[in-house]
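Given next are the chains, with one letter for each unit.
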Amino acid sequence: MNIRVIDSHTGGEPTRVVLDGWIIPEAISHDVVAIRNWIDETQANTRTGLLCEPRGSSAWVGALLVPPKAHHAVAGVVFFNTHATLGMCGHGTIGLVETLKHLEMYEEGEAIIETPVGEVSVLGHQDGSVEIKNVPSYRFQADVEIILPDYGKIIGDIAWGGNWFFLVKSGGPIVNLANLKQLTAFTEQVKTFLKENGITGAEGAEIDHIEVFGAPQVQGANSKNYVLCPSFDYDRSPCGTGTSAKLACLYADGKLAIGQKWIQESITGSTFTGWLEEIDGQLIPHIQGSASIIAESTLHFHEKDEFRWGIV
């Protein structure tokens, strides 16, 4: 089996777009929700083979590019990482749009991309950046208190930004790259506590992202973050869905107005600019960032390769 891919990075976080070679059953080939379920139920080997070592690492996010169901959409996509599929991925959408530009499937103007959690609007700007109009975001629960053995009382919000987040408001290590190991250990403890104590998002959904905030270091930025992903690796970018969740919480606290810009710095120093729009009582996050194409290749899956499905 051979699978053709294009790799990019968005603010340091890599995205691998799968173009062809991963054969989808014809009956579901235009249905991103059904394709997501199919991957989860039957395609774990291919998913890990695409992203895990030796072809990738736990930092990678994959994006299976598929034909859209709706005529007004330019593409459908199912995002996944080494752990599972994802509902939505902000940095991955920016990387996908850069890939569509590279393939001459998208030039400029507003376009629609289908994801398993709904349609996402994208807009390419003349400076090369990409703006995402994300799915509606909201704060589900405020000021949730948890107790960790090594850190004591931690307070955070539970919010939806296309994925479920626990956004730490107080407690934990200082957010900078020098504290990477401490931040990873801390957020892993938070995630484990939430799961073991039945603390979830809406309808029992697993909170699979943990986000910690600190003082920015980039001039003009409002905040610096560290985000633990479901793969238990950290997001090198500021995290598009995490920034969306953050905007919803800021609005709920009266700290951000509709249309007000928020610059979110990542643990690596890259930035996204975000703001909120209100439509029919729902908060619609806009996230703007840039991606770069870094490789175009064909991945080979030989039967005699003992690690063809990745080192899991």
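Keep in mind that this is a model prediction, so the values were computed, not measured.

A. Region of interest: helix α5 (residues 240-252). The terminal C-alpha atoms of α5 lie 19 Å apart, and with 13 residues this matches the ideal 18 Å at 1.5 Å per residue to within 8%. Downstream of α5 by one or two residues, G254 has phi in the positive range, about 75°.

B. Summary view of the side chain of H286. Within the secondary structure layout, H286 lies in strand β16 (residues 282-289). By relative accessible area, which is 8% here, H286 ends up buried. One polar contact links H286 to E131, side chain to side chain, over a distance of 2.8 Å. At 2.7 Å, the side chain of H286 forms a polar contact with the side chain of E277.

C. Region of the structure containing the pattern of salt bridges. Evaluated as defined, the whole model comprises 13 salt bridges. The partner of R16 in a salt bridge is D7, and the shortest N-O contact between them spans 2.9 Å. Neither R16 nor D7 differs from the other in exposure class; each is buried. Among the salt bridges present, the one from D143 reaches K169, with a minimum N-O distance of 2.8 Å. Of this pair, D143 sits in strand β9 (residues 138-148) while K169 is found in strand β11 (residues 164-170), placing the two residues 26 residues apart along the sequence. Among the ionic contacts, a cluster of salt bridges with common partners joins R139, D143, D157, K169 and D253.

D. Fine view of the pairing of strand β7 (residues 118-124). As defined by bridge partners, strand β6 (residues 109-115) adjoins β7 across seven bridges and the pair is classed as antiparallel. Counterpart to T115 in the pairing with β7 is G118. In sequence, β6 turns back onto β7 through a hairpin of two residues. Here four bridges tie β7 to strand β8 (residues 130-133), and the two strands are oriented antiparallel to one another. Looking at the pairing, V122 lines up with I132 of β8. Where β7 folds back on β8, the antiparallel hairpin that results is connected by five residues, among which G128 adopts a positive phi of roughly 95°.

E. Focus on the side chain of R47. Here R47 is to be found in helix α2 (residues 44-51). The side chain of R47 sits in the buried core without any salt bridge; D40 is the nearest counter-charge, 5.3 Å away. Here N81 takes part through its backbone oxygen, which lies 3.2 Å from a polar atom of the side chain of R47.

F. The arrangement of the packing of aromatic side chains in detail. Per the counting criterion, the structure on display carries eight aromatic pairs. Where W160 meets W164, the ring centres are 5.3 Å apart and the plane angle is 55°; that geometry is what we call tilted. As far as the burial class goes, W160 and W164 line up, both buried. A network of ring pairs unites the aromatic residues Y138, F140, W160 and W164 as a single cluster. Of note, R55 hangs over the ring of F301, and the distance from its end group to the ring centre comes to 3.9 Å. Here the guanidinium or amino end of R236 rests over the ring plane of Y234, the centre of that ring lying 3.9 Å away.

G. Up close: unusual backbone geometry. For the peptide bond that leads from E53 to P54, omega is 10°, which places it in the cis range. By secondary structure assignment, the location of P54 is in the loop between α2 and β3 (61-66). At E203, a position not held by glycine, the phi torsion is positive, near 55°. The residue E203 is located in the loop between α4 (180-196) and β12 (209-214) in this model. Positive phi values are uncommon outside glycine, yet D280 reaches one of about 50°. A residue is classified by how much of its surface remains accessible, and D280, at 78% relative accessible area, is exposed.

H. Region of interest: the confidence of the model for the protein. Per-residue confidence for the protein gives a mean pLDDT of 95; residues scoring 70 or more make up 100%. The element-level mean pLDDT for the protein is lowest in β7, coming to 91, with strand β14 (residues 262-265) highest at 98.

I. Representation of α2. Burial analysis of α2 places six of its eight residues in the buried class, which makes it a mostly covered element. Elements in contact with the buried residues of α2: β1 (2-10), β2 (13-20), α1 (32-42), β3, β4 (73-81) and β17 (291-300).

J. How the structure looks around the pairing of β8. Where β8 and β16 come together, four bridges link them in antiparallel fashion. Note on β16: the bridge partner recorded for K133 is H286.

K. Expanded view of empty space enclosed by the protein. Following the criterion strictly, the structure yields one cavity of 30 Å³ or more and no others. The calculated volume of the largest cavity comes to roughly 100 Å³. Taken together, 16 residues make up the lining of the largest cavity; nearest its centre are C89, H91, H209, C229 and D235. When contributions to the lining of the largest cavity are tallied by element, the ones reaching two or more residues are α3 (90-102) and α5.

Conventions adopted
Residues numbered from 1 in each chain as written. Predicted model: local features only at pLDDT ≥ 70, side-chain atom pairs only at ≥ 80, totals over all residues. Heavy atoms only, no water. Helix = DSSP H or I, 4+ residues; strand = E, 2+ residues; numbered from the N terminus. Expected span 1.5 Å × (residues − 1). Buried < 20%, exposed > 50% of the residue type's maximum accessible area, 1.4 Å probe, protein only. Polar contact = N/O pair within 3.5 Å; in protein donor to acceptor, adjacent residues only side chain to side chain. Salt bridge = Lys/Arg side-chain N within 4 Å of Asp/Glu carboxyl O. Pairing = 2+ DSSP bridges. Lys, Arg positive; Asp, Glu negative; His and termini not counted. Phe/Tyr/Trp six-rings, centres within 6.5 Å; stacked < 30°, edge-to-face > 60°. Lys NZ or Arg CZ within 6 Å of the ring centre and 35° of its normal. pLDDT = per-residue confidence, 0-100. Contact = heavy atoms within 4.5 Å. 1 Å grid on protein atoms, 1.4 Å probe; cavity = no way out; pocket = protein on both sides within 12 Å on 5 of 7 lines; lining within 4 Å. Points joined across faces, edges and corners; volume = space filled by probe spheres on them.

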